Every structure is written in structure tokens, then in C-alpha cells.
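Given next are the chains, with one letter for each unit.
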Amino acid sequence: KYEKASMAARVFPTDRLAPELAVLALYSQQPFNGNYVRINKPEGSYESIIANLASDHPDIRAMNTINEFMQSHTWALKAPIELVYSKDIMRGGRLYTPYQNLPSRNHYVRKNTLLDGKPIIEVDFSANHLRLALAILAKEDAGDTPYEDICELAGGEIERQQAKVYITRAIGSKDRTEALGACLKERINNRLFERLEAATQKRFPKLPLYDGETFNGGLGVYLQSVEGAILKDVMQLGMMHDIPTIPVHDALAVQATEAEWAKDAMSEVWSDHVGCSSAKARVSM
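These numbers come from a predicted model, not from an experiment.

Draft legend 1. The arrangement of the overall build of the chain in detail. Within the chain, the secondary structure is distributed over 11 helices and 8 strands. Computed over the C-alpha atoms, the radius of gyration of the chain is 20 Å, within 12% of the 19 Å expected from 2.2 N^0.38 for a compact globule of 285 residues. For the chain, the spread of C-alpha atoms along the principal axes amounts to about 50 × 50 × 45 Å. Taken across its 285 residues, the chain has 46% of its residues classed as buried. A separation of at least 24 residues holds for 66% of the contacts in the chain among residues at least 6 apart in sequence. Here the chain has roughly 15,900 Å² of accessible surface; of this, 49% comes from carbon and sulfur atoms.

Next comes the structure, spelled out in C-alpha cells:
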């Protein structure tokens, strides 16, 4: 089992040592080895296809250029930025790097780190999967407050986060049963599920829900590929202006002084990819 690579050492520190190691970990770095495109759980011959991409393939060329540029910059958990597909080249396609795994909700670690010694902000799109699905499939604008609209139509004490969870599961599941099961795990019971479902169908009748047959397992994984392509193009645009950027799932981290550039660039590239201008990037709070 050691033929391909050595085993990684795992350290379980005492309570006294843990805080010291946690801070030290932020300064750790991984080598940039030139392999920046990969596929998880490949189906068919996709593993060999990805492994044998030509050096001038657009994905290889883009990721090499991005990583060569970012090597000269510093940020927490500095490591290569990878383009990762899932099963085939039509699914996944997001950009990954260890930085995005830093705590950001219960403890605001990630947003309090530095990029080249300067404070960072994150720029993203509100309700991005919902916006992308409507824009690409129906050329429809989701509006400024899509989740809030669903909550209002559903009636009662429904929170925005519940609408977000429902939409994410509904467009990411292969069928209604799978979506309901996923929502139940998020404390959305059958009655609430039905209310959110009815409200969504009323507000966005063209939004495909539970459409696994058409999208081979759900629309969500295809939208991740679009998100990845958008961030990849914005990162390359930033290179042209000597602006370093770090991907954070569907968002982009930049120095706070570049917030306006990032919002404009992300909105422009988003529109180029989907063929309509219906999304405005924002600073994520």
C-alpha cells in the first residue's frame, strides 16, 4: 500500500498544544507539482482521458497559468488550485484548494486571513444555482430576493435558509423522493417541504425540480461546472491586472481593496457564460 506514495503522518495534540498547531497550520504550504486537473470516481474511460490531456488543452493551460501566477503570492494554507471533475467532464468542474476548508461560519477564520499580507473579502452571487438554472434554461431573471419571494409565497414562519436548503436539494436530486429525504435530514418535514415546493413552482414555474432523468443525477452537479468555469475565467482576468484571487467554492477571495473590480469582473463573466445579464456579484458577509 506504500507503492504510490508514503503515508501521511497524523498528529493528535493535547489541549495545550492544539492552539499552537492551529496557528502554525495557517502558514503551511503544499508544493506546486504541475498536476492541477483531476477527476473523482471516474466513469467509463474518463480517468484515462483526464490523465492524458494534451499540454495545450484549455483546462491544462488555464490551470497551469493560474498556478504559476499564484505561486509568487502568499495566503493561508497556500497550495495548488485544482480543477476537479466528478465522474465525467460534464459534472463537477469546480476549483478546489485547501484554503476554502478553513472555518467561516461558527468561527470567522477564513475571512480574517491575509492575501499578500492584506485583508481579504469574498465576492459571490446570491442564490447562484437558482440564478444559473433560470438564466441558462429559461433566460429568466431570478430577481433580487428569490429565496425571500419563496418564503413569502409559502406563508408562515419560514426562514430564508430553509428556502435555500429546499432549492439546493430540489435541483440537485435525481427525483422527488431523494430530495424529500435530503430535506428531512435538514429538519424540513413533509408539510414544510410541500409548502416550499408549491411556492417555488408558483414563483419559478420554469425551474426544473427533481429532474434526474434529464440531467443524469440532478442539475446541481452541472451547475457546479458552470460556476467553476466562471471563476476560472475571472482568475485569469485578474492575472491580466496583476490581481491575485483564491477560489472559495462558488465565491472568489480577493484583497479588500479590489472588491469593486471583483464584483464587476464576476458579473461580466457570469453574463458571458449564461448569455444574459441577470446577476450582480456582491461582497459576501
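The rest of the description comes next.
Draft legend 2. How the structure looks around empty space enclosed by the protein. Summed over all chains, the structure comprises 1 cavity of 30 Å³ or more. Reported here for the largest cavity is a volume of approximately 30 Å³. Residue lining of the largest cavity: Phe125, Asn128, Glu227, Ile230, Leu231, Asp250 and Trp270, and that is the complete set. Considering each element in turn, the lining of the largest cavity owes the most residues, 3 residues, to helix α10 (residues 220-240). In terms of residue class, the lining of the largest cavity is made up of 4 nonpolar, 1 polar and 2 charged.

Draft legend 3. Inspection of the nonpolar core at higher detail. In this structure, Tyr99, Tyr166 and Leu207 are the most contacted members of the largest nonpolar core, which totals 81 residues. In terms of residue count, the dominant contributor to this core is helix α11 (residues 259-274) (8 residues). Here Leu207 is in contact with Leu130, Ala133, Leu134, Ile167, Ile171 and Thr200, once residues within four sequence places are set aside.

Draft legend 4. Representation of the sheet that holds strand β2 (residues 82-86). Spatial strand order, β1-β2-β3: 3 strands in an open sheet with mixed pairing. In this open sheet, the two edge strands, each paired with only one partner strand, are β1 (37-40) and β3 (88-96). Taking each pair of neighbouring strands and ignoring which way they run, the sheet shows an average axis angle of 30°. Summarising the sheet, β2 and β3 pair through 5 bridges and their orientation is antiparallel. Following the sheet pairing, Leu83 is matched in β3 by Leu95. Sitting on the sheet, α10 touches β2 and β3, and the angle it makes with β3 is about 50°.

Draft legend 5. Spatial organisation of the environment of Val248. One can find Val248 in strand β6 (residues 246-248). With 124 residues separating them along the chain, Val248 and Asp124 place their C-alpha atoms 9.1 Å apart. Beyond its immediate stretch of four places on either side in the chain, Val248 contacts Tyr99, Gln100, Arg110, Glu122 and Ala253.

Draft legend 6. Representation of the pairing of strand β7 (residues 251-255). Within β7, 5 of the 5 residues are buried, leaving the element largely enclosed by the surrounding structure. As paired strands, strand β5 (residues 118-124) and β7 are joined by 4 bridges and run antiparallel to one another. Looking at the pairing, Val123 lines up with Leu252 of β7. Bridging between β6 and β7 involves 3 bridges; their strand directions are antiparallel. Across the sheet, residue Val248 finds its bridge partner in β7, namely Ala251.

Draft legend 7. Seen up close, unusual backbone geometry. Even without glycine at this site, Lys41 takes up a positive phi of about 45°. Relative to the helices and strands, Lys41 is located in the loop between β1 and α2 (46-51). Here Leu77, not a glycine, exhibits a phi torsion of approximately 55°, which is positive. Relative to the elements of secondary structure, Leu77 occurs in the loop between α3 (58-70) and β2.

Draft legend 8. Geometry of helix α5 (residues 146-154). Those residues of α5 not exposed but buried are Pro146, Tyr147, Asp149, Ile150, Cys151 and Ala154. Packing partners of the buried residues in α5 comprise α4 (128-138), α6 (160-172) and α8 (190-203). Taken from the residues just after α5, Gly155 is the one with a positive phi, measuring 75°.

Thresholds applied
Residues numbered from 1 in each chain as written. Predicted model: local features only at pLDDT ≥ 70, side-chain atom pairs only at ≥ 80, totals over all residues. Heavy atoms only, no water. Helix = DSSP H or I, 4+ residues; strand = E, 2+ residues; numbered from the N terminus. Rg over C-alpha atoms; globule rule 2.2 N^0.38 Å. Buried < 20%, exposed > 50% of the residue type's maximum accessible area, 1.4 Å probe, protein only. Contact = heavy atoms within 4.5 Å. Areas by Shrake-Rupley, 256 points an atom, 1.4 Å probe, with all protein chains shown as cover. 1 Å grid on protein atoms, 1.4 Å probe; cavity = no way out; pocket = protein on both sides within 12 Å on 5 of 7 lines; lining within 4 Å. Points joined across faces, edges and corners; volume = space filled by probe spheres on them. Nonpolar A, V, L, I, M, F, W, Y, C, P; charged D, E, K, R; others polar. Core = buried A, V, L, I, M, F, W, Y, C linked by side-chain atoms within 4.5 Å. Pairing = 2+ DSSP bridges. Axes fitted to C-alpha atoms, helices over the stretch in contact; angles between N-to-C directions.

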